[in-house]
Amino acid sequence: MSDTGSNSGHTSYIGTVITAARALDAYGLDGTATLVEAGIDVNATPAFDARVPTGLLHNALLAHARDKLDPLFALKFADLVFPASYHAFGVMLTSATTMRAFCQRLTRYYGYVNTGDKLEFDEDSGILSYRQMAIPGLAENPFEVVLHDAGWAATMVKMARMVSHPDYAPRKISFGFPAPAEEFVSSYLAWFRCPIDYDAPLTAIHFAADHLDDRLPGGNAELARHSEVLVYDYLKSFVEFDTVNCARMALFELLPRGDFSLESLAASLALSADEITAGLKALGTSYQQLLGDTRRELSEEYIERADLTINEIAYMLGFSDCSNFARSFRRWTGKSPSDFREELHKGN
């Protein structure tokens, strides 16, 4: 489904543009020439951090939407996407240790892909929903399904398969548009490998809520966090992050130093303690809750590292002693740090 609004200021990552050109090539079109006609020169050796006005890309695709392309374009686009297509963002997603972490980071940083799209993740139900800002003329065009809803869902499922396994399928897909022709419905079912609802209130990927915290075979907590830092640093120059994410990123740096009080956190963000408290409360959390969540996330990274002892991990997370860390870790995972590490290494 679409939110009406202007595309003024909305940009797309260069990886999306390059992948779209390749997908056009797969339809027998000259993708590069099509984009040049719309004002996008992909032969200009674009930097990894280049961005393109979203409207230009849509205009290029809409030029062929009615007579050359079909709903399978969305699947072709996803087939051509790889982690490197989105630089640090792609590495961050395909290094997630759980599907919950995958969805959380995807929601926090989707502005990397397109600043005009809105994602929400309901952690209780496991539903990741998507809305796009409609560009004038696009909402009335049948190709909206190709570029937006179906393209988004297929790309995200492709990324999930990269970190999970090639046959991974979500519980269900919901599309906020009418079902296409039967031949395309069949192709969509074969590609997504799960039930699909059409004419739904929202376009969404329904993950299995009871498996959100299962360890993913391709997960690497350390690589995911370092990639996330790169994504955050890239985005913060043109995307406004909420207090929770800013504070969370600051705690990543403060915890290993042992100086992570509310006052220190506030100072690192050039805010007062009252401002931090109020900002977190407005978003439904608190300093203590955020501290616990960040410790848990870092513990999953540190526990994978054979070069760190359990005592060292406890110290790096700011616990006064190892027993306090062990109690917290058991509450988070249901296992002691030693048992968790042993099972993790057996699985590898």
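Criteria and cut-off values
- All residue numbers refer to positions counted from 1 along the written sequence of the respective chain.
- For this predicted model, a pLDDT threshold of at least 70 governs which residues receive local features, and a threshold of 80 or more governs which side-chain atom pairs are given and counted, while totals over whole chains, interfaces and linings are taken from all residues.
- Side-chain figures throughout are based on the complete set of non-hydrogen atoms in the structure, without hydrogens or water.
- Secondary structure elements follow DSSP: runs of H or I no shorter than four residues count as helices, runs of E no shorter than two count as strands, and numbering proceeds from the N terminus.
- To sort residues, take the accessible area from a 1.4 Å probe on protein chains only and compare it with the maximum for the residue type: under 20% means buried, over 50% means exposed, and anything in between is partly exposed.
- Throughout, a contact is declared for two residues whenever any of their heavy atoms are within 4.5 Å.
- Surface accessibility follows the Shrake-Rupley procedure with a 1.4 Å probe radius. Residue values consider only the protein chains on display as shielding.
- Positive: Lys, Arg. Negative: Asp, Glu. His and the chain ends are not part of the count.
- Note on charges: their place is set at NZ of Lys, CZ of Arg, CG of Asp or CD of Glu.
- Pairs were defined over the aromatic rings of Phe, Tyr and Trp, the Trp ring being its six-membered one, requiring ring centres within 6.5 Å. Orientation was assigned from the angle between planes: stacked under 30 degrees, edge-to-face over 60, tilted for the rest.
- Sitting over a ring, as applied to charges here, requires NZ of Lys or CZ of Arg to be within 6 Å of the ring centre and within 35 degrees of the ring normal.
- Given a helix with a known number of residues, its expected span is that number minus one, times 1.5 Å.

Trainee: Would you mind showing me how to read the overall build of the protein here?
Mentor: Tallying secondary structure elements over the protein gives 16 helices and eight strands in all. Split into buried and exposed, the 348 residues of the protein put 51% on the buried side. Look at the contacts in the protein between residues 6 or more apart in sequence, and 71% of them connect residues 24 or more apart. For the protein, the exposed surface amounts to about 15,600 Å²; the carbon and sulfur share of it is 52%. Each charge class in the protein can be summarised by its mean position, and for the 30 positive and 46 negative side chains these summaries are 5 Å apart.

Trainee: Please explain the packing of aromatic side chains as it appears in this structure.
Mentor: Given two aromatic rings, their pairing is described by the distance between the two centres and the angle made by the two planes. Under the criterion given, the structure shown has 23 aromatic pairs. With 6.3 Å between their ring centres and 75 degrees between their planes, Tyr-86 and Phe-89 make a pair best called edge-to-face. The two residues Tyr-86 and Phe-89 agree in class, both being buried. A centroid spacing of 5.9 Å and a plane angle of 40 degrees characterise the contact between Phe-175 and Tyr-198, whose relative ring orientation is tilted. With Phe-175 in the loop between β6 (172–174) and α8 (182–192) and Tyr-198 in the loop between β7 (196–197) and β8 (203–206), the pair connects residues that are 23 residues apart, well separated along the chain. Overall, Tyr-198 belongs to the buried group, its relative accessible area being 19%. Linked through ring pairs, Tyr-13, Tyr-86, Phe-89, Tyr-112, Tyr-234 and Phe-238 together constitute an aromatic cluster. Positioned over the ring face of Phe-82 is Lys-158, at 4.6 Å from the centre of the ring. Just above the ring of Trp-191 sits the side chain of Arg-161; from NZ or CZ to the centre is 4.7 Å.

Trainee: What is the right way to look at helix α10 (residues 243–254) in this model?
Mentor: Each full turn of the α-helix corresponds to 3.6 residues, which orients residues three or four apart in the same direction. With 12 residues, α10 extends 16 Å between its outermost C-alpha atoms, agreeing within 8% with the 16 Å of an ideal straight helix rising 1.5 Å per residue. Of the positions making up α10, those classed as buried are Asn-245, Ala-247, Arg-248, Met-249, Ala-250, Leu-251, Phe-252 and Leu-254. Along its buried surface, α10 packs onto α6 (99–109), α9 (221–235), α11 (262–268) and α13 (287–302).

Trainee: I'm lost on the environment of Leu-29 in this one. Help?
Mentor: Positionally, Leu-29 belongs in the loop between α1 (14–26) and α2 (31–37). Each C-alpha atom, one on Leu-29 and one on Tyr-287, is 54 Å from the other, the two residues being 258 residues apart in sequence. Contacts of Leu-29, omitting those with residues within four sequence positions, involve Leu-24, His-64, Lys-68 and Leu-69.

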